[in-house]
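Inside the fold
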Amino acid sequence: MDTCGKIYEEALRQARATKVFIYNPYVSFCTFETYQQCVHNICASDLYARQRGSFAKRALGVSFEKLMCPILCVACNKRCDSFICKSCFHRLLWINPVWSCPNCSAPGGWLTCSECSDSWGFASCQAVYEFSSYTRQLILQFKDQRDTRLSACLAALLACFYRFMCSTFYANNANMRTVKSRLLSSQQTLQNIYHAPLRLPHNAVCFIPATRKAYRYRGFDHMELVTQLFAYALGISYCDILIRPYALDQRQLSKQERVANLTGTISVLQDMSNKRVLVLDDVITTGASMREAARALKQANAADVSALAFARVW
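Presented here is an overview of the structure given in this document. What you see is a predicted model, and the numbers here were worked out from it, not measured in a lab.

Parameters and conventions
Residues numbered from 1 in each chain as written. Predicted model: local features only at pLDDT ≥ 70, side-chain atom pairs only at ≥ 80, totals over all residues. Heavy atoms only, no water. Helix = DSSP H or I, 4+ residues; strand = E, 2+ residues; numbered from the N terminus. Buried < 20%, exposed > 50% of the residue type's maximum accessible area, 1.4 Å probe, protein only. Contact = heavy atoms within 4.5 Å. Areas by Shrake-Rupley, 256 points an atom, 1.4 Å probe, with all protein chains shown as cover. 1 Å grid on protein atoms, 1.4 Å probe; cavity = no way out; pocket = protein on both sides within 12 Å on 5 of 7 lines; lining within 4 Å. Points joined across faces, edges and corners; volume = space filled by probe spheres on them. Nonpolar A, V, L, I, M, F, W, Y, C, P; charged D, E, K, R; others polar. Axes fitted to C-alpha atoms, helices over the stretch in contact; angles between N-to-C directions. Parallel < 35°, antiparallel > 145°, perpendicular 65-115°, else oblique. Left-handed = near helix turned anticlockwise from the far one by under 90°. Core = buried A, V, L, I, M, F, W, Y, C linked by side-chain atoms within 4.5 Å. Pairing = 2+ DSSP bridges. Right-handed = clockwise from strand over helix to strand, strands pointing away. Phe/Tyr/Trp six-rings, centres within 6.5 Å; stacked < 30°, edge-to-face > 60°. Lys NZ or Arg CZ within 6 Å of the ring centre and 35° of its normal.

Time to look at the overall build of the protein chain. When helices and strands are tallied, the protein chain shows 13 helices and 6 strands. Counting all 314 residues of the protein chain, 54% fall into the buried class. Within the protein chain, contacts between residues separated by at least 24 positions form 75% of all contacts whose residues are at least 6 apart in sequence. When the accessible surface of the protein chain is split by element, carbon and sulfur atoms take 52% of a total near 14,400 Å².

With that settled, the discussion passes to empty space enclosed by the protein. Counting across every chain of the model gives 2 cavities of 30 Å³ or more. Size it by volume and the largest cavity reaches roughly 70 Å³. Around the largest cavity sit Val 74, Ala 75, Ile 84, Cys 88, Leu 92, Tyr 129, Tyr 134, Thr 135, Leu 138, Leu 157 and Phe 310, which together line it. Counting residues per element, the lining of the largest cavity draws most heavily on helix H7 (residues 133–143), at 3 residues. Of the residues contributing to the lining of the largest cavity, the split by class is 10 nonpolar, 1 polar and no charged.

A word on the packing of helix H2 (residues 32–43) against helix H8 (residues 151–167). Interaxial distance between H2 and H8 falls to 9 Å at its minimum, and their mutual angle equals 130°. In terms of axis orientation, H2 runs oblique to H8. For the pair H2 and H8, the sense of crossing is right-handed. Contacts from Thr 34, Tyr 35, Cys 38, Val 39, Ile 42 and Cys 43 in H2 reach Ala 152, Cys 153, Ala 155, Ala 156, Leu 157, Ala 159 and Cys 160 in H8. A breakdown of the residues in the contact of H2 with H8 according to their chemical character gives 12 nonpolar, 1 polar and no charged.

Right, let's talk about the side chain of Ser 306 for a bit. Structurally, Ser 306 is set in strand E6 (residues 304–312). The contacts of Ser 306, once residues within four sequence positions are left out, are Phe 122, Ala 123, Ser 124, His 202, Val 277, Leu 278 and Val 279.

Bringing unusual backbone geometry into the picture now. The backbone phi angle of Asn 77 is positive, close to 65°, even though this residue is not glycine. By relative accessible area, which is 53% here, Asn 77 ends up exposed.

What follows covers the nonpolar core. Ranked by internal contacts, the top residues of the largest apolar core, which has 58 residues, are Tyr 35, Phe 83, Trp 94, Leu 157, Phe 230, Leu 308 and Phe 310. In terms of nonpolar packing, the next biggest core, distinct from the first, is built from 31 residues, Ala 127, Cys 239, Ala 300 and Ala 307 among them.

As summarised here, the arrangement of the 4 strands in space is E1-E6-E5-E2, forming an open sheet in which the pairing is parallel. Looking along the sheet, the strands with just one partner apiece sit at the ends: strand E1 (125–130) and strand E2 (204–207). Each strand axis lies, on average, 20° off the axis of its neighbour in the sheet, ignoring direction. Taken together, the 8 bridges between strand E5 (residues 276–284) and E6 define a ladder with parallel strand orientation. Paired with Val 277 across the two strands is Val 305, which belongs to E6. With respect to the sheet, H7 is in contact with E1, E5 and E6, its orientation differing from that of E6 by roughly 100°. Seen against the sheet, H8 touches E1, E5 and E6 and runs at an angle of roughly 130° to E6.

Turning our eyes to something else, we now look at the pairing of E6. Most of E6 sits out of view: 8 of its 9 residues are buried. As paired strands, E1 and E6 are joined by 5 bridges and run parallel to one another. Looking across to E6, one finds that Glu 130 is bridged to Arg 312. Once the chain exits E5 it traverses helix H13 (residues 288–299) before rejoining the sheet at E6, and the crossover so formed is right-handed.

Okay, the packing of aromatic side chains next. Going through the model one piece at a time under the given rule, you end up with 9 aromatic pairs. For the ring pair Phe 32 and Tyr 35, a centre distance of 6.1 Å and an interplane angle of 50° mean the geometry is tilted. Remark: Tyr 35 and Phe 32 occur in helix H2; sequence separation between them is 3 residues, near one turn of the helix. Each residue in the set Trp 94, Tyr 129, Phe 161 and Phe 310 is aromatic and connected to the rest through ring pairs, giving one cluster. Looking at Arg 146, its charged tip hangs above the ring of Tyr 217, at a distance of 4.5 Å from the centre.

These figures capture arrangement, not role.
Shown next, in the form of structure tokens:
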């Protein structure tokens, strides 16, 4: 277990012993070794090779590809084999789901959230990181610089976080809204969590599709790549079911303009009866895309809809 995790677990143990309320919105939920192993498993898959169209990987092997195209840490540009080096990995701050808003995943919004005023339509909505310098650099390098290798990095981080959620909050089909008082046991270590049998609360995973303009600019849908690898890593059924035939780029719009821009723009291609769907996205800003996806999936008779994003603008 990393140092941050040990400190946090000790703080929780002392808080329970003294009945002192602790407000700490951030905590690390994953060891670097677990993340590294997940990245390596994804990069070794045929799906990852097909996504990148890597002739070197298919024809001449992984060693040649690493020699010609070395993997550098996104944050510090040091050579590493997992896209984020160990020191930079420990600088990333996970949003603690115990104290975050269950409706919009705003850090510290578990009691009173200033970011959302009404329900977004999800059983739970969680984000892994705050949208800060490191996460912003990672996402922009992946999307705008077209470094498709980083799809494995994002998929691994999302998969590690989702596995933690499955082992704690999603256990026994618990709803995030009813388990805010349920803290991680002081005897339960991260190693126990990631080696425990995995019970998946969702049987389908989909993604928020990019706009046509963004797809033409990049030549790929970044969340499609991430979601495919995420589904592969966890063994969840991948569903490419959401379409967005028209919408403007969200990044230059205000909160009101984002909502108006996306209203009625997302639809579902097939009936989702008896499906418990997990929706993935890269960044949650106002939640307009997520809310529109939830509306469309519920109209398609989805039994349960949850959301998971890589970062939360805060």
